[in-house]
Amino acid sequence: MMNVYDSILTAPSTAQLKYIANNKHFNFTVPIVTEASAGALSLQRVTHIIKEQDHFELEYIATAQEELLLQSLEFEVKVNLEDHVMLGEGFQCWSTTKEMGKHNRLSAIPKAVSWITKFNLQGDYDFFNYSGKQGHLHATGYTYLRHIPSRKIVFIGSVSEHSGYSYYKANFNDHTFSFYKDIEGKSLKKGQELRLKFSVFQGKETSDLTEIWSRYATYYDPQHAFRNPDHLTGWSSWYNFYERVTEADVLASLKAFEQHPYPIDVFQIDDGYQVQIGDWLDVDKNKFPRGMKALADDIIQQGKMPGIWIAPYAVGFNSKIVEEHPDWLLKYPNSNQLLVAGPNWGGFYALDIYNPEAKVYLEQVFDEVLDTWGFKLLKLDFLFAAAMVPRLGKSRGEIMWDATDLIVKLTRKRALILGSGVPLPSTWGKFEYNRMSSDASPWWDHTVLKLANVRERVSTLNALTSTLNRWPMGSRMFGGDPDVFFIRSDNNKLNVEEKHTLLIVNIILGQLTLMSDNVNLYSEFEHRLYGSIFPKPEAQVKDIQSIGIEAYKVEYTCNRRKYLFLTNLSPLPLTTQLPLDYNGKYIYYFEHSNVLVQSKVDWLKSQSTIFLKPHETRAFMKVTDDKQDLYIGSTGHIVPGTEIDTLSSNKKDMIHITLKKRYTKIKENKIYIRLNSSESVIPTVYVNNKLISNVKKYIWNEDITFIKVTLHTV
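The structure reproduced in this document is the subject of the present report. What you see is a predicted model, and the numbers here were worked out from it, not measured in a lab.

## As for the overall build of the protein
Phase 1: When helices and strands are tallied, the protein shows 13 helices and 42 strands.
Phase 2: At 27 Å, the protein has a C-alpha radius of gyration in line with the 27 Å of a compact globule built from 714 residues.
Phase 3: With respect to the principal axes defined by its C-alpha atoms, the protein has extents near 90 × 70 × 45 Å.
Phase 4: Relative to its 714 residues, the protein shows a buried fraction of 61%.
Phase 5: For the protein, the share of sequence-separated contacts (at least 6 apart) that also reach a separation of at least 24 residues comes to 70%.
Phase 6: Working note: accessible area of the protein is about 28200 Å², and carbon and sulfur atoms make up 50% of it.
Phase 7: Both charge centroids of the protein, one from 80 positive and one from 81 negative side chains, sit 4 Å from each other.

What follows is the structure, encoded as structure tokens:
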């Protein structure tokens, strides 16, 4: 049997479709090589070779011969899925995303759980058929199939998400792969076409995903306007105060950053400032007596970007809109009953984005928040609510596309947009930042919701899993927001290993990294860990590989140096080895351990055994064998070396180091500089043009002799 790439390129398809024409239901299954007829629909299959050997476009064109209403559309091909895994991209950004194989299954939330919790409304459980069978997997928007032994991949991405949600279905039992379009409710007039277009890439190994995503992103962002976004750090009110937040809480946290001036960029006020969900300009005067403009001014005065949370398409049951403008809200099909769009706040309704008065209201909200209040970052949440049901001849995905377009139109580039609670392809080329995961939590996981198949559950494990598997999307389609990390000891059930893991994954893989802690409450060790992320490292992830069940090896570069971290998300300990260099050579790795446990350094050789406790992460810097590269490690940054601007030997026995300007609570920073041999004399060291007296020489082993330069903060 041909490989996956060639099979998709050349193998004939089987089309399965349902539609309504002249009030009659039609159901067809027809083979298609290049053309086929299915009653009132004519079908074409067209391939376009973009780059020989590794890239082509596959297009399915459905043309209506008379007016009709589509219900489902699927094209299936035979492929060899033996020894493959598939990336199961979830329906929206909160939905679990990870690689799965023939022994995995995707099951819907049980009906009893859905009836009680309404968590089904946050995903696609009500309109996509989760078979629940072993080996039946699916993904949305894009996916890839990876051959396990060779690590070769075939990446498939939709380039027609404006017409509806695209799904990929893999049956590992009978070796079939399907292109499925959630097309329910889409109407076509006679002669009108529906084009389903997919871009297919072949890569030699998973590290090729970096280049593939860069090429794929061009379809949605041809000018590369959203590529390589600014890296931002900051604070959010949600994960400490939640809906109870008050103006006093915000000011106390802001004051803490004045007393401990960590150089964060964003200070964001989340849910809780408004009286009701949907009444965004009706501020709770008891909790926020001075109003939102005064708070934004306070944040700006401290040199930070003010951010605010809005769920523009969500309307609470007790909102004034429900009483005064019920016609602005979505209703269940063929009913006058208002549609419940989600479980939060006891349930909420959804705004109809096609209602002219509702759009005017949203425009007024954005104008007030941006121009009068002065906020410069908008976290826009629960966006999926706009597209709960197909209507007006449009599919759900088509409506979702219109909903994100509407946000771009109404905000008019007056603020940075951070999307959340949204199918990610609907935001590509539109929003500056997007959530890459579910909400993180000050606990590891919610076992009951995990067993109930809730892919959108609030959970640190859930957030980490999706972030690690969506890694190439951030910095190419938008700035990735992996949600918050927690360092604090109060109101936090995460242990020291889990805190460290969450911080490392977020800082390395995220471009927007927030937290909600009050830094005034940090211990000395917590200050040391938080201070070690500044300046924010702008890492470029090169590859992420699975090294076990829920365990990963992450390789990245930063400031022209090479690094990796090993993370174990599983509940069981893991033993692995440090890898050889790419050319098969033994090299050394520098490690500075988790300072919440202990602060120690070590140099470990390739193939050294590494033991990882459950939920532990260990991070390493590759030490080059270039004798001219004097630097071999330091303790002042979570990515060693990021705190150093320059390090040079201007003349014999004299070294000059320049540190980047930053604020840190680390009382000592130790910098390790390689010497040529054990006989080498201790050089004179200047840091920022100041002579350093605390310099000591060490012989680590037959390969490593170094000096330790100890710097003390004032």
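## Points about the packing of helix α11 (residues 460-469) against helix α12 (residues 496-509)
Phase 1: Relative to each other, α11 and α12 sit at 30°, their axes nearing to 11 Å. The orientation of α11 with respect to α12, classified from their angle, is roughly parallel. In this structure, α11 crosses over α12, and the sense of that crossing is left-handed. Seen from α11, the contacting residues are Thr-460, Leu-464, Thr-467 and Leu-468; seen from α12, they are Thr-501, Leu-502, Val-505 and Leu-509.
Phase 2: For the contact of α11 with α12, a count of residues per class yields 5 nonpolar, 3 polar and no charged.

## Quick notes on the pattern of salt bridges
Phase 1: Applying the stated criterion across every chain, the model contains 42 salt bridges.
Phase 2: When the shortest N-O distance is used, the salt bridge between Lys-320 and Asp-282 registers 3.3 Å. Remark: Asp-282 occurs in the loop between β17 (266-269) and α6 (292-301) and Lys-320 occurs in helix α7 (residues 320-324); sequence separation between them is 38 residues.
Phase 3: Since its relative accessible area comes to 25%, Asp-282 is described here as partly exposed.
Phase 4: Its salt-bridge partner being Arg-435, residue Asp-439 comes within 2.7 Å of it at the nearest N-O pair.
Phase 5: Here the salt bridges share partners, and the residues they tie into one network are Asp-367, Asp-371, Arg-412 and Arg-414.

## Looking at the nonpolar core
Phase 1: Judged by nonpolar contacts, the single largest core of 225 residues is most densely connected at Ile-8, Phe-177 and Tyr-530.
Phase 2: Setting aside residues no more than four positions away along its own chain, Ile-8 makes contact with Arg-45, Phe-56, Leu-58, Val-77, Val-79, Ile-156, Phe-177, Phe-179 and Val-200.
Phase 3: Ranked by size, the runner-up nonpolar core spans 11 residues in total, among them Leu-564, Leu-574, Leu-578 and Ile-587.

## Let's talk about the sheet that holds strand β19 (residues 314-316)
Phase 1: Taken in spatial order, the 3 strands of this open sheet run β19-β21-β20, and their pairing is antiparallel. Sheet topology places β19 and β20 (340-342) at the edges, where each strand pairs with a single neighbour. Direction aside, neighbouring strands of the sheet carry axes that sit 55° apart on average.
Phase 2: Relative to strand β21 (residues 348-350), β20 runs antiparallel, the two sharing 2 bridges. Counterpart to Val-340 in the pairing with β21 is Tyr-349.

## Regarding the environment of Glu-497
Phase 1: Structurally, Glu-497 can be placed in helix α12.
Phase 2: The exposure class of Glu-497 is buried, given its relative accessible area of 11%.
Phase 3: Along the primary structure Glu-497 and Lys-613 are separated by 116 residues, whereas in three dimensions their C-alpha atoms are 8.2 Å apart.
Phase 4: A polar contact is formed between the side chain of Glu-497 and the side chain of Lys-613, at a distance of 2.8 Å.

## Some thoughts on the packing of helix α5 (residues 247-259) against α6
Two numbers describe a pair of packed helices, the interaxial angle and the distance between the axes.
Phase 1: Contact pair α5 / α6: the axes reach a minimum separation of 11 Å and the direction vectors enclose 5°. Comparing the axis directions of α5 and α6 gives the class roughly parallel. Here α5 contributes Glu-247, Val-250, Leu-251 and Leu-254 to the contact with α6, which in turn contributes Leu-295, Asp-298 and Ile-299.
Phase 2: Here the contact of α5 with α6 is composed, by residue class, of 5 nonpolar, no polar and 2 charged.

## As for unusual backbone geometry
Phase 1: Of the consecutive residues Phe-534 and Pro-535, the connecting peptide bond is found in the cis state with omega at -5°.
Phase 2: You can see Pro-535 is positioned in the loop between α13 (524-531) and β27 (540-548).
Phase 3: One non-glycine residue with positive phi stands out, namely Asn-22, at about 55°.
Phase 4: Within the secondary structure, Asn-22 is located in the loop between β1 (13-21) and β2 (24-32).

## Details of the pairing of strand β22 (residues 377-380)
Phase 1: The alternating pattern of β22 places Leu-377 and Lys-379 on one face and Leu-378 and Leu-380 on the opposite face, and all of these are buried.
Phase 2: Alignment of strand β18 (residues 305-310) against β22, held across 4 bridges, turns out to be parallel. If you follow Ile-308 over to β22, its bridge partner there is Leu-378.
Phase 3: For β22 and strand β23 (residues 416-419), the ladder comprises 4 bridges, and the chain directions are parallel. Paired with Lys-379 across the strands is Leu-418, a residue of β23.
Phase 4: Between the parallel elements β22 and β23, the chain passes through helix α9 (residues 396-411) in a crossover that is right-handed.

## Concerning the sheet that holds strand β31 (residues 588-592)
Phase 1: The 6 strands are arranged β27-β28-β29-β34-β31-β32 in an open sheet whose pairing can be described as antiparallel. The open sheet has two edge strands with one neighbour each: β27 and β32 (601-605). Taking each pair of neighbouring strands and ignoring which way they run, the sheet shows an average axis angle of 25°.
Phase 2: Examined bridge by bridge, β31 and β32 share 5 bridges and lie antiparallel to one another. Residue His-592 lies in a different strand from β32, and its bridge partner there is Val-601.
Phase 3: α11 rests against β27, β28 (551-558) and β29 (561-568) of the sheet, and its axis sits at about 55° to β28.

## A word on the side chain of Glu-89
Phase 1: As for its placement among the helices and strands, Glu-89 is situated in the loop between β7 (84-88) and β8 (98-100).
Phase 2: At 2.8 Å, the side chain of Glu-89 and the side chain of Arg-470 are in polar contact.
Phase 3: Excluding residues that lie within four positions of it along the chain, Glu-89 makes contacts with Thr-97, His-138, Ala-139, Thr-140, Tyr-142, Leu-424, Arg-455, Arg-470 and Met-473.

## A few points about α11
Phase 1: When you tally the buried positions in α11, you get 10 out of 10 residues, the bulk of the element.
Phase 2: By the burial criterion, the buried members of α11 are Thr-460, Leu-461, Asn-462, Ala-463, Leu-464, Thr-465, Ser-466, Thr-467, Leu-468 and Asn-469.
Phase 3: Looking at where α11 begins, the residue whose side-chain oxygen comes 3.3 Å from the main-chain nitrogen of Leu-461 is Ser-459.

Here is what the cut-offs are and how they apply
Residues numbered from 1 in each chain as written. Predicted model: local features only at pLDDT ≥ 70, side-chain atom pairs only at ≥ 80, totals over all residues. Heavy atoms only, no water. Helix = DSSP H or I, 4+ residues; strand = E, 2+ residues; numbered from the N terminus. Rg over C-alpha atoms; globule rule 2.2 N^0.38 Å. Buried < 20%, exposed > 50% of the residue type's maximum accessible area, 1.4 Å probe, protein only. Contact = heavy atoms within 4.5 Å. Areas by Shrake-Rupley, 256 points an atom, 1.4 Å probe, with all protein chains shown as cover. Lys, Arg positive; Asp, Glu negative; His and termini not counted. Charge placed at Lys NZ, Arg CZ, Asp CG, Glu CD. Axes fitted to C-alpha atoms, helices over the stretch in contact; angles between N-to-C directions. Parallel < 35°, antiparallel > 145°, perpendicular 65-115°, else oblique. Left-handed = near helix turned anticlockwise from the far one by under 90°. Nonpolar A, V, L, I, M, F, W, Y, C, P; charged D, E, K, R; others polar. Salt bridge = Lys/Arg side-chain N within 4 Å of Asp/Glu carboxyl O. Core = buried A, V, L, I, M, F, W, Y, C linked by side-chain atoms within 4.5 Å. Pairing = 2+ DSSP bridges. Polar contact = N/O pair within 3.5 Å; in protein donor to acceptor, adjacent residues only side chain to side chain. Right-handed = clockwise from strand over helix to strand, strands pointing away.

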